[in-house]
Each structure stands twice: as structure tokens, then as C-alpha cells.
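An overview of the molecular structure
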Amino acid sequence: MWRWIAHFILNNRFVLLLAVVISTAFWTYMASVHLELNHKFADMIPSKDSSMIIYNNLKEEFGEDGMVLVIGVKDKNLYQLKKFNDWYEMGQKIKKVDGVDSVFSVAHMFNIVKDDSLKKFSLIAISPKGARSQDHLDSISGIIHSLPFYKGKLYNDETGASLMMVFINPKKFNSKERGTTVEDIVAITDSYSESFPEIHHSGMPYIRDVLFDTLRSEMRWFLVFSALVSLLIIYVFFQIVST
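All values reported here derive from a predicted model rather than from experimental measurement.

1. Some points on the pairing of strand β6 (residues 161-168)
Side-chain positions along a regular strand alternate between the two faces of the sheet. Judged by which residues are buried, β6 turns out to be one-sided: Ser 162, Met 164, Val 166 and Ile 168 face inward and are buried, whereas Ala 161, Leu 163, Met 165 and Phe 167, on the alternate face, are not. Here two bridges tie strand β5 (residues 155-156) to β6, and the two strands are oriented antiparallel to one another. Paired with Asn 156 across the two strands is Ala 161, which belongs to β6. Between β5 and β6, which pair antiparallel and follow one another directly, the connecting turn spans four residues, one of which, Gly 160, has a positive phi of 80°.

If you want it as C-alpha cells, here you go:
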């Protein structure tokens, strides 16, 4: 039995090798075309676990965490008219990127104002259209710095650091339709390099996008090299057996 199998393989080694090559090439092609990446992080605990149920209920109530891309600059001259308006304009452009829900920075802040007539508090944009003049900007800066809640979180006067928080739509970002949301945001920030030479990006959406791009490109090379190594091993095996 085994002698016949060995004899059959040796006598038909070129046909079998060709079949292996064709099969490997076919499945490599199928993998490269139809292989899809899961854009969500795998759940570490079962969905029916009590802690997981509480977490999912929390997400439904308050939204998903880890969907904020942070843009940071360190510039003590941010409250100069041109730079502040560039910071505001950059945020407005980022708002229009597909997949972005909202933007929050010192140029897009809100103040809580008491409405006596309606007997409620209202959110009022501090600079809804940027700053019209340096005097107007000084007035905006005064309002910003009168709100201690944002100090040390959205800006730091001692270092000149200021953050822009970009809220990404979780449903779109966690699907294959995420597109080039992060790349478009980075492209917009790069276009303001004249006003902000050093712009830094961070946050889970940015990190995940970089990792997925790296994984996607390395996956193709992994498939190609694994196919080549498999063919080489089979060829060497047949050569050794035939001798």
C-alpha cells in the first residue's frame, strides 16, 4: 500500500507539483480578494457575562468609548488672530470629513448660560464664527479662561499646549466603510503646517488606523512568502526523495 503510494507520487511528481502550485495560487488569490479584517476589537469575555451586559448597556446609554482622535499643538501664540482663526478653520474642515461627528477645542468651546425666561441652562458657542478682530479674540480668550473646567484638560497656559478633540462615529469606524476618515483628518492638519509646524496626533482611532494599515499590507506579503516557502519545501522534498 505505502510502496504503491510512494511509487505513484514519484512517478507523477511533476503533475502533483503543478497541482499544488495551481491550488496554492488559487487560494492565495481568493485570500487576497475576499479576506476581510474585523475592524472591532475582540471581546475578551462572553456577551452574556454580567459585566459585559453592564458595559453594553453603558455604551448604548452614553456612546462608545475610545472614539476620540486627539490633535495637539504647543504654541503660546495661539491667541493671535491668524493662528486662532486657522485653528478654528481647521476644526470646521475636519467636521465635514465623512465619519466625524463633532469637534471640540478652544475655538469650538461652549459656555453654559442661564436662561431666566425659559428657566433652563443653554449651551452657547463662545466663538461660533471665529474671531473678527484681535479685540474680539481677547474677549473670547477672557471667556475661555473664566471657565476653570477646561483648564488643564483642553489647554495648558504654562506650556502653551492646546488640544482639539475629534469625535469619530463608532458605527462607521468599526465597519469596512470606515474609508479614509483618519487619513483625511491628518491631511487637513498637515495643510496647516505653516501656522502649526508641529502637530501631533493620538487617540485610539488614529492608533487603530495605523495598526490596521500595517497589518493589511503585511498580510499580503505574508501570503506571498508563505506560498513561496511551501512550494520550495515541496520541491526540495521531491528532489530528495527522487535521489
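2. Description of the packing of aromatic side chains
Here the distance between the centres and the angle between the planes together describe a pair of aromatic rings. In the structure shown here, the tally under the stated rule is six aromatic pairs. Ring geometry for Tyr 79 and Phe 84: centres 6.1 Å apart, planes at 25°, overall stacked. Phe 84 matches Tyr 79 in its accessibility class, with the two residues each being buried. Judged by centre distance (5.8 Å) and plane angle (25°), the rings of Trp 221 and Phe 225 are stacked. One end of the pair, Trp 221, and the other, Phe 225, are both in helix α8 (residues 204-242), four residues apart, so they sit about a helical turn from each other. Its relative accessible area of 48% is what places Phe 225 among the partly exposed residues. The positively charged end of Lys 153 is found above the aromatic ring belonging to Phe 149, 5.4 Å away from the centroid.

3. Details of the nonpolar core
Core analysis: the biggest nonpolar cluster contains 38 residues, and Ile 71, Trp 87, Ile 94, Val 106, Met 109, Val 166 and Ile 185 have the highest contact counts within it. Here this core takes five residues from helix α4 (residues 81-95), the largest share from any one element. In contact with Val 106, not counting residues within four places along its chain, are Leu 78, Tyr 79, Phe 84, Trp 87, Ser 127, Ile 144, Leu 154, Tyr 155, Ser 162 and Leu 163.

4. Details of the environment of Ile 168
Of note, Ile 168 is situated in strand β6. The exposure class of Ile 168 is buried, given its relative accessible area of 3%. Through-space distance from the C-alpha of Ile 168 to that of Asp 101 is 5.6 Å; in sequence the pair is 67 residues apart. Non-local contacts of Ile 168, meaning those with residues more than four positions away in its chain, are made with Met 67, Gly 99, Val 100, Asp 101, Phe 173, Thr 181, Ile 185 and Pro 205.

5. Here we look at the pattern of salt bridges
Oppositely charged side chains can pair when the atoms bearing their charge come close. Taken as a whole and judged by the stated rule, the model has four salt bridges. A salt bridge links Asp 75 to Lys 83, with the nearest nitrogen and oxygen atoms 2.4 Å apart. For the pair shown, Asp 75 and Lys 83 are each scored as buried. A salt bridge links Lys 82 to Asp 86; the shortest N-O distance between them is 2.9 Å. With Lys 82 and Asp 86 both in helix α4 and four residues apart, the pair spans about one turn of that helix.

6. Re the packing of α4 against helix α7 (residues 181-190)
Helix-helix packing is described using two parameters, namely the angle between the two axes and the distance between the axes. At their nearest, the axes of α4 and α7 sit 10 Å apart, and the two run at 160° to each other. With respect to α7, the axis of α4 lies roughly antiparallel. Both α4 and α7 take part in a crossing whose hand is right-handed. Within the contact between the two elements, α4 uses Met 90, Lys 93 and Ile 94 and α7 uses Ile 185, Ile 188 and Thr 189.

7. Things to note about the confidence of the model for the chain
Chain-level pLDDT for the chain is 84 on average; 92% of the residues reach the 70-or-more range. Looking at the elements of the chain, mean pLDDT is at its lowest for helix α3 (residues 50-62), recorded as 74, and at its highest for α4, recorded as 95.

8. What about the pairing of strand β1 (residues 68-74)?
Sheet topology places β1 next to β6; seven bridges connect them, and they run antiparallel. Within the sheet, the bridge partner assigned to Val 70 lies in β6 and is Met 165. Sheet topology places β1 next to strand β7 (residues 200-202); three bridges connect them, and they run antiparallel. Among the inter-strand pairings, Val 70 is bridged to a residue of β7, identified as Ser 202.

9. Concerning the side chain of Asp 75
Summarising the element assignment, Asp 75 is placed in the loop between β1 and α4. Given the relative accessible area of 12%, Asp 75 is considered buried. Excluding residues that lie within four positions of it along the chain, Asp 75 makes contacts with Lys 83, Gly 160, Ser 195 and Phe 196.

Analysis parameters
- Residues numbered from 1 in each chain as written.
- Predicted model: local features only at pLDDT ≥ 70, side-chain atom pairs only at ≥ 80, totals over all residues.
- Heavy atoms only, no water.
- Buried < 20%, exposed > 50% of the residue type's maximum accessible area, 1.4 Å probe, protein only.
- Helix = DSSP H or I, 4+ residues; strand = E, 2+ residues; numbered from the N terminus.
- Pairing = 2+ DSSP bridges.
- Phe/Tyr/Trp six-rings, centres within 6.5 Å; stacked < 30°, edge-to-face > 60°.
- Lys NZ or Arg CZ within 6 Å of the ring centre and 35° of its normal.
- Core = buried A, V, L, I, M, F, W, Y, C linked by side-chain atoms within 4.5 Å.
- Contact = heavy atoms within 4.5 Å.
- Salt bridge = Lys/Arg side-chain N within 4 Å of Asp/Glu carboxyl O.
- Axes fitted to C-alpha atoms, helices over the stretch in contact; angles between N-to-C directions.
- Parallel < 35°, antiparallel > 145°, perpendicular 65-115°, else oblique.
- Left-handed = near helix turned anticlockwise from the far one by under 90°.
- pLDDT = per-residue confidence, 0-100.

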